[in-house]
Amino acid sequence: MSDAIVYVDTSDVREGSLEELQAGMKELVDFVEANEPRIISYNVYFNEEGTRMTVMHVHPDAASVEYHLEVAGPFFRRFVELVTLTSTHIYGRPSETVLKQADEKVRLLGRGVVDVQALHAGFSRSQ
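Calculation rules
- In every chain, residue numbers begin from 1 and rise along the written sequence.
- Local features in this predicted model are restricted to residues whose pLDDT is 70 or higher, and side-chain atom pairs enter the listing and the counts only when it is 80 or higher, whereas totals over whole chains, interfaces and linings include all residues.
- Only hydrogens and water are set aside when side-chain values are computed; all heavy atoms of the structure are taken into account.
- Three exposure classes are used, based on accessible area relative to the maximum for each residue type with a 1.4 Å probe and protein chains only: buried under 20%, partly exposed in between, and exposed over 50%.
- The helix count covers DSSP runs of H or I at least four residues long, the strand count covers runs of E at least two residues long, and both are numbered beginning at the N terminus.
- Think of the arc as the fan of directions from the helix axis to the C-beta atoms.
- Here, two residues are considered to be in contact whenever any of their heavy atoms come within 4.5 Å of each other.
- In protein, a polar contact requires one atom able to donate a hydrogen and another able to accept it; more generally it is a pair of N or O atoms within 3.5 Å, and residues adjacent in sequence count only if both atoms are side-chain atoms.
- By definition, two strands form a pair when at least two bridges between them are found by DSSP.
- Only the contacting stretch of a helix is used when fitting its axis, a line to C-alpha atoms as for every element, and angles between N-to-C directions run 0 to 180 degrees.
- Residues are said to line a cavity or pocket when one of their atoms sits within 4 Å of a point; the points come from a 1 Å grid over protein atoms alone, cavities being sets where a 1.4 Å probe fits but cannot get out and pockets being open sets with protein on both sides within 12 Å along at least five of seven lines.
- Grid points are joined across faces, edges and corners, and a volume is the space filled by probe spheres set on the points.
- The residue classification treats Ala, Val, Leu, Ile, Met, Phe, Trp, Tyr, Cys and Pro as nonpolar and Asp, Glu, Lys and Arg as charged. All others, Gly included, are polar.
- Classification of ring pairs rests on two measures: the distance between centres of Phe, Tyr or Trp rings, Trp counted by its six-membered ring, which must be within 6.5 Å, and the angle between planes, read as stacked under 30 degrees, edge-to-face over 60 and tilted in between.
- A positively charged side chain is recorded as over a ring if its NZ (Lys) or CZ (Arg) lies within 6 Å of the ring centre. The angle to the ring normal must also be within 35 degrees.

(A) Representation of helix α2 (residues 62-71) within the structure. Within the span of α2, buried status applies to Ala-62, Ser-64, Val-65, His-68 and Leu-69. The arc that holds the buried residues of α2, viewed along the axis, is 160°, so those residues lie on one side. Of the surrounding secondary structure, the elements contacted by the buried residues of α2 are β1 (5-13), α1 (18-35), β2 (41-46), β3 (52-59), α3 (73-76) and α4 (96-109). Of the residues that open α2, the one with a side-chain oxygen 3.3 Å from the backbone nitrogen of Ala-63 is Asp-61.

Put into structure tokens, the structure is as follows:
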């Protein structure tokens, strides 16, 4: 079985904060790309209306997720007034540390619980 983890956050964008949020997320993406060499992908999506943001990242293992949540964590505080985190989904087998970090992020930015789904079957290909 694969150790890879897919981490997906969805947030409501607070009214009037889209431009500031988009600029901040671009800075975060640049930081992650420069400082987290193990992360496989890190992508930010907005719906057409600009009212919902989804962040999806893929990691080779739980240690990569732990590192991301540790080093990128200070950035998250910048978004407290800009978003309300509505869901966090983790696909794979996260460590207890990842679960604790994800819970802390939910408490900081929004509401809800961290939903974890373990891999049952599948494969990955790299291009």
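Okay, back to it.
(B) How the structure looks around the sheet that holds β1. The 5 strands are arranged β2-β3-β1-β4-β5 in an open sheet whose pairing can be described as mixed. Two strands bound the open sheet, and with one partner strand each, they are β2 and β5 (114-117). Shown here is a sheet whose adjacent strand axes are inclined to one another by a mean of 15°, direction ignored. Both strand β4 (residues 83-91) and β5 contribute to a ladder of 4 bridges, which runs parallel. From the neighbouring strand, Thr-88 faces β5, where its bridge partner is Val-114.

(C) Geometry of the environment of Thr-97. Mapped onto the elements of the fold, Thr-97 is located in helix α4. Residue class for Thr-97 comes out partly exposed when judged on its relative accessible area of 39%. The spatial distance from the C-alpha of Thr-97 to the C-alpha of Arg-111 is 19 Å, given a sequence separation of 14 residues.

(D) Spotlight on the layout of surface pockets. Put simply, the largest pocket is a space of about 240 Å³. Residue lining of the largest pocket: 16 residues in total, with Ser-2, Ala-4, Val-6, Leu-119 and Ser-124 positioned closest to the centre. Lining the second largest pocket are Leu-69, Gly-73, Pro-74, Phe-76, Arg-77, Gln-101, Glu-104, Lys-105 and Leu-108. Taken together, the elements giving at least two residues each to the lining of the second largest pocket come down to α3 and α4. Tallying contributions element by element places α4 first for the lining of the second largest pocket, with 4 residues. Taken together, the residues of the lining of the second largest pocket break down into 4 nonpolar, 2 polar and 3 charged.

(E) How the structure looks around empty space enclosed by the protein. Under the criterion given, the structure shown has 1 cavity of 30 Å³ or more. By volume, the largest cavity is sized at about 130 Å³. Lining the largest cavity are 16 residues, and of these Asp-9, Met-53, Val-55, Lys-105 and Leu-109 sit closest to its centre. Among the elements of the structure, β1, α1, β3, β4 and α4 are those that each provide at least two residues to the lining of the largest cavity.

(F) Local environment of the packing of aromatic side chains. Evaluation of the coordinates by the stated rule reveals 1 aromatic pair. With centroids separated by 5.1 Å and ring planes inclined at 45°, the aromatic side chains of Phe-31 and Phe-75 adopt a geometry described as tilted. Here the residue Phe-31 occupies a position in helix α1, and Phe-75 occupies one in helix α3, the gap between them amounting to 44 residues. Taking the relative accessible area as the measure of exposure, Phe-31 reaches 25% and is therefore partly exposed. Of note, Lys-105 hangs over the ring of Phe-76, and the distance from its end group to the ring centre comes to 4.2 Å.

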